[in-house]
Amino acid sequence: MGGSTLKDVLEPADDAVPRLRVVTRELPPMDDVLAYTTPYDPLFWCRRGESLAAFGDLLTLRYVGAQPGDASIAERWRAIAAAAEIDDPVQLPGTGLVAFGSFVFDPQSERDNVLRVPGMIVGRHSGRAWVTRLAFDDTPDEHEPELPPRSPFGPHWSATLGPGRQSAEGYQDAVRQAVEAIGAREVGKVVLARDIVGTVPAGSDLRRLVRSLLEGYPDCWVFAVDGLIGASPETLVTVSKRTVTARVLAGTTARGGDADSDVAAAVALTRSTKDQEEHRFAVRSVLTALEPHTSSLAAADQPFTLKLPNVWHLATDVEGVLSENASSLDLLSVLHPTAAVAGTPTAAAMDVIRRLEPFDRGRYAGAVGWTDASGDGEWAIALRCAQIGRAAPSSPTAPITAYAGAGIVADSVPESELLETRVKFRPIVEALA
């Protein structure tokens, strides 16, 4: 993507490779690290209790017009990692040099991609805990890193939400136009989103939103990166010691109101031709993207049903072994956007999305996660999330936008797709209430 540009680098200058000094030390075990990130701009990542909480902006890279994993991002990170002095005897996922990232869905977006290296990280994994201090190598600090003080949680708050640029009626009309495009063989599948917008009180402790999502969706990837906060059920890619894993979700139905109707809903999902077709598109797009970069790759022939508090999903796990010296950042560009969030063929689906969605998705349905010095990392698709902006000077509120989408195939029904978006909005809307 030669058209990408570096928007800003906070220390040092654009043409220099910063030299960082990173020290990780083990701590006594702890259950919760969320209080070690900041209330107003949390940096946080968690799934099933394995967590990273960070604060301080040591180095921030912002790009416009780039895809995640293209040379302007991945190569820059490789150079920073190669120049860093890292003292990490703990050697667990998330120790040592780590950057948190959030990338836009569409490379034509006017929003920015970001990689942020914090000044301090507190983490836990496999029952062990640690603290990492990150600094420029000319920073005078000879002390061992110590656990910073916990920041007390601010008062509870709630958001005010209302219709966005795509109304319920407008969304159903967009679905009809998408079905027409599928009938004309312009695309095989396209994923259409709609938005809701609102405000949150200025100065709100955004960790309250993170906490609500952690409590309601512990099996999801709960994240807060640069104002994007959510709980995603879908892994884009994880790389750990050259093993690559991904989870594909496509095909959705609401949970039943009681045990019998819930089982019936799951069974109906597995028998749904529309949802099975949508899922096959998504799995094939991931396998096709990963095959050139792996020496072995496996996925189950049939999806399983994944139960979340509000929905059932059809899910397939994919696993492989990297066949080249690639990093998790490199794989983002070949995987994103998957058919689960864009459609197929990808380029045609993106054109339809640009034509039918009256807004810029920003980082919704993009990649969010972290990477380390070796290129290992965990990346999810930014779903069930909201982007919170900064409050204008003297304004009592800050803007917030949330998105939800549904996969459209030939026999999609507009009313049903609208209902699916309402179900998918529920996690973030309830957490904001």
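Note that the structure is predicted; figures quoted are calculated from it, not measured.

It is worth spelling out helix H4 (residues 259-271) at this point. Between its first and last C-alpha, H4 extends 19 Å over 13 residues, near the 18 Å set by a 1.5 Å rise per residue. Of the positions making up H4, those classed as buried are Asp262, Ala265, Ala266 and Leu269. One side of H4 carries all its buried residues, which in axial view fall inside an arc of 95°. Opposite the buried face of H4, by more than 90 degrees, sit the exposed residues Asp260, Val263 and Arg271. If you follow the buried residues of H4, they end up packed against strand E14 (243-254), helix H5 (273-290), strand E16 (304-307) and strand E17 (311-322). The N-terminus of H4 is capped by Asp258, whose side-chain oxygen sits 3.2 Å from the backbone nitrogen of Asp260.

Time to look at the pairing of E14. Relative to E14, strand E13 (residues 235-240) runs antiparallel, the two sharing 3 bridges. Following the sheet pairing, Ser240 is matched in E14 by Thr243. The turn joining E13 and E14, which pair antiparallel and follow one another in sequence, is formed by 2 residues; a positive phi near 50° is taken by Lys241. Here E14 pairs with E17 via 10 bridges, running antiparallel. For Thr252, the partnering residue across the bridge sits in E17 and is His313.

Turning our eyes to something else, we now look at the side chain of Lys189. Tracing the chain through its elements places Lys189 in strand E10 (residues 189-201). Engagement of the side chain of Lys189 in a polar contact is seen with the backbone oxygen of Ala339, the distance being 3.0 Å.

Reading guide: rules and limits
Residues numbered from 1 in each chain as written. Predicted model: local features only at pLDDT ≥ 70, side-chain atom pairs only at ≥ 80, totals over all residues. Heavy atoms only, no water. Helix = DSSP H or I, 4+ residues; strand = E, 2+ residues; numbered from the N terminus. Expected span 1.5 Å × (residues − 1). Buried < 20%, exposed > 50% of the residue type's maximum accessible area, 1.4 Å probe, protein only. Arc of directions from axis to C-beta. Contact = heavy atoms within 4.5 Å. Polar contact = N/O pair within 3.5 Å; in protein donor to acceptor, adjacent residues only side chain to side chain. Pairing = 2+ DSSP bridges.

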